[in-house]
Number of protein chains: 2
Amino acid sequence: MTDRARTGDDPPPPATAPAHLDPGDPVDAIALAWLRERPGTPVTGIGIVTRLWHAAKLLGEDRRRVLAAAGQDTATLDLLSVLRRSGPPYRLTTRELAERTMVTPGAVSQRVARAEQEGLVERAAPAPGSRAVAVTLTDRGHEVVESLVDRVLAREADLVSGLAPEQQRALAELLRVLLADLHTRLGDRPISQVGTEPPGRSG
Amino acid sequence: MTDRARTGDDPPPPATAPAHLDPGDPVDAIALAWLRERPGTPVTGIGIVTRLWHAAKLLGEDRRRVLAAAGQDTATLDLLSVLRRSGPPYRLTTRELAERTMVTPGAVSQRVARAEQEGLVERAAPAPGSRAVAVTLTDRGHEVVESLVDRVLAREADLVSGLAPEQQRALAELLRVLLADLHTRLGDRPISQVGTEPPGRSG
DNA sequence: CTGCTATCGTTTAGACCTAAACGTACGTCA
DNA sequence: TGACGTACGTTTAGGTCTAAACGATAGCAG
């Protein structure tokens, strides 16, 4: 932070440095460092990918802190939110939860177990002709969502308010296009994300 | 995936649904579901925040898969990359590594321990008048970086190529502005990110 | 020189996740 | 109706991260 200039990531622009990269920007500095050390390194994606990860990390950490202060965690709120948003009877199967929260069925099983222990959800026995376990929001779980959702979402709306309304719209639209394209390229997994809940460690 | 329409996230637009939200888009559907269930929910940030997390997750999973196929993991490549990019003598202290990779010192300690066990880095005893442990890239570590960086970065450049060049530039620029603003709002932690390495589970 | 304090790095405890191995229960096809 | 394949959920093993407790040391003040 104090003397990064000497050590590498923000280097003196080499003779061949692309004009688009600003040595003063932390992310551009990464691309420039690669080019300085290994001319020809394909740095094209860094400007988007690294910033995406970086922003996701900052926002995720912030949500975690906000929820930790309220005695909750992101994984649980994610689960409760999906159920709450699904509307009455606030009941979904494990598989639906996995798809909507973008985590593996195993992770959902663990999340549900934790939330169940806190009395926030209940597991109902599989319906007669099915083996799908239904997970239902309890009254207590419902209360928890109500008490946290506005706080969390308002906080995040505020965090992106540094961008002007048109910029926010432009950014959201570009991300929408990128996301749609990524889905087609990567083999369209479900979707969703609670509108709540930072990305798991990707993995 | 098949019948999401019935269960909630993509609801029939309520009378008060904002014109900007498209019920057919998975992320907009989340905002619409909140508005349907809880009119007044501050959904403004969802279009950006959720998409950001979602894209970060997809890209992170992809990198993890690419590296797993090559017998490596993202955390280790992140470490090696920062050292490689810093230029000769490819040596940084634990603290510098923590700042540049945006993870806690404890995580760096664990990463270094793992990489050291694989013979990819070495821990040098603290210099005489200091307690800063220097971590250095070994020849083997250097080779590993060289063999993986181009593959990983080229792959990611390709993944964002669905956006036209001007769109990529516009997206990168908006993210740059957002990131700068987030840093000022959240208490400017260091920076960096290897240009390599998906976000830890955010928090 | 003696003790305080700030700084560093490591260790530990607790969360959480993925991948994969497991049980089970359907449904089907002979 | 009996065996098989499949879908679903849970469990287990392994890995990573953060937060916080620790241990040790350098710099300073008295």
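Residues numbered from 1 in each chain as written. Chains lettered and ligands numbered in written order. Predicted model: local features only at pLDDT ≥ 70, side-chain atom pairs only at ≥ 80, totals over all residues. Heavy atoms only, no water.

As recorded in an unreviewed UniProt entry, chain A goes by MarR family transcriptional regulator and comes from Streptomonospora mangrovi.

Caption draft 1: View of helix 3 (residues 46-69) of chain B. Residues and elements named next belong to chain B. Compared with the 34 Å implied by 1.5 Å per residue over 24 residues, the 34 Å span of helix 3 between its first and last C-alpha is a close match. Within helix 3, 19 of the 24 residues are buried, leaving the element largely enclosed by the surrounding structure. A positive backbone phi angle near 75° is found at G71, which sits one or two residues after helix 3. (Helix = DSSP H or I, 4+ residues; strand = E, 2+ residues; numbered from the N terminus. Expected span 1.5 Å × (residues − 1). Buried < 20%, exposed > 50% of the residue type's maximum accessible area, 1.4 Å probe, protein only.)

Caption draft 2: Region of interest: the sheet that holds strand 3 (residues 134-137) of chain A. All names here are of chain A. Sheet architecture is open: three strands sit in the order 1-3-2, paired in antiparallel fashion. One side of each edge strand has no neighbouring strand; the edge strands of this open sheet are strand 1 (91-93) and strand 2 (121-124). When strand polarity is set aside, the average angle formed by the axes of neighbouring strands in this sheet is 30°. Of the pairings in the sheet, the one linking strand 2 to strand 3 comprises four bridges and is antiparallel in character. The residue of strand 3 that forms the bridge with V121 is L137. With respect to the sheet, helix 4 (residues 74-85) is in contact with strand 1, strand 2 and strand 3, its orientation differing from that of strand 3 by roughly 90°. (Pairing = 2+ DSSP bridges. Axes fitted to C-alpha atoms, helices over the stretch in contact; angles between N-to-C directions. Contact = heavy atoms within 4.5 Å.)

Caption draft 3: Fine view of the environment of B:V149. Along the chain, the position of B:V149 falls in helix 7 (residues 139-159). The class for B:V149 is buried, based on a relative accessible area of 1%. In this structure the C-alpha to C-alpha distance between B:V149 and B:S81, which are 68 residues apart in sequence, comes to 7.9 Å. Beyond its immediate sequence surroundings of up to four residues, B:V149 is in contact with A:W34, A:R38, A:T41 and B:S81.

Caption draft 4: Highlighting helix 8 (residues 165-186) of chain B. Across its 22 residues, helix 8 of chain B extends 31 Å between first and last C-alpha, which sits within 8% of the 32 Å expected from 1.5 Å per residue. Burial in helix 8 of chain B covers these residues: B:Q168, B:L171, B:A172, B:L174, B:L175, B:L178, B:L179, B:D181, B:L182, B:H183 and B:L186. As for helix 8 of chain B, its buried residues are in contact with helix 3 (46-69), helix 7 (139-159) and helix 8 (165-186) of chain A together with helix 3 of chain B. Where helix 8 of chain B ends, the next residue or the one after it, B:G187, has phi of about 80°, a positive value.

Caption draft 5: Representation of the sheet that holds strand 3 (residues 134-137) of chain B. All names here are of chain B. Pairing is antiparallel in the open sheet, where three strands are placed in the order 1-3-2. Of all strands in the sheet, those bounded by a partner on one side alone are strand 1 (91-93) and strand 2 (121-124). Taken pair by pair, the neighbouring strands of this sheet meet at an average axis angle of 30°, ignoring direction. Sheet strands in contact with helix 4 (residues 74-85) are strand 1, strand 2 and strand 3, and its direction is about 90° off that of strand 3.

Caption draft 6: Highlighting the pattern of salt bridges. Residue and element names in this part refer to chain A. Counted according to the given criterion, the structure contains 29 salt bridges over all chains. As a salt-bridge pair, R185 and D181 come within 2.6 Å of each other at their nearest N and O atoms. Residue R185 and its partner D181 are located together in helix 8, separated by four residues, close to a single helical turn. R185 gets classed as partly exposed once you look at its relative accessible area, which sits at 35%. (Salt bridge = Lys/Arg side-chain N within 4 Å of Asp/Glu carboxyl O.)

Caption draft 7: The arrangement of the pairing of strand 3 of chain B in detail. All names here are of chain B. Residues A134 and T136 line one face of strand 3 and the alternating positions V135 and L137 line the opposite face, and both faces are buried. As paired strands, strand 1 and strand 3 are joined by three bridges and run antiparallel to one another. Following the sheet pairing, T93 is matched in strand 3 by A134.

Caption draft 8: The arrangement of the packing of helix 4 of chain A against helix 5 (residues 94-101) of chain A in detail. Residue and element names in this part refer to chain A. It is the contact of helix 4 with helix 5, at a shortest axis distance of 10 Å, that shows an interaxial angle of 110°. On the basis of their axis angle, the class for helix 4 and helix 5 is roughly perpendicular. Between helix 4 and helix 5, the contacting residues are D78, L79, V82 and L83 on the first element and L97, R100 and T101 on the second. For the contact of helix 4 with helix 5, a count of residues per class yields four nonpolar, one polar and two charged. (Parallel < 35°, antiparallel > 145°, perpendicular 65-115°, else oblique. Nonpolar A, V, L, I, M, F, W, Y, C, P; charged D, E, K, R; others polar.)

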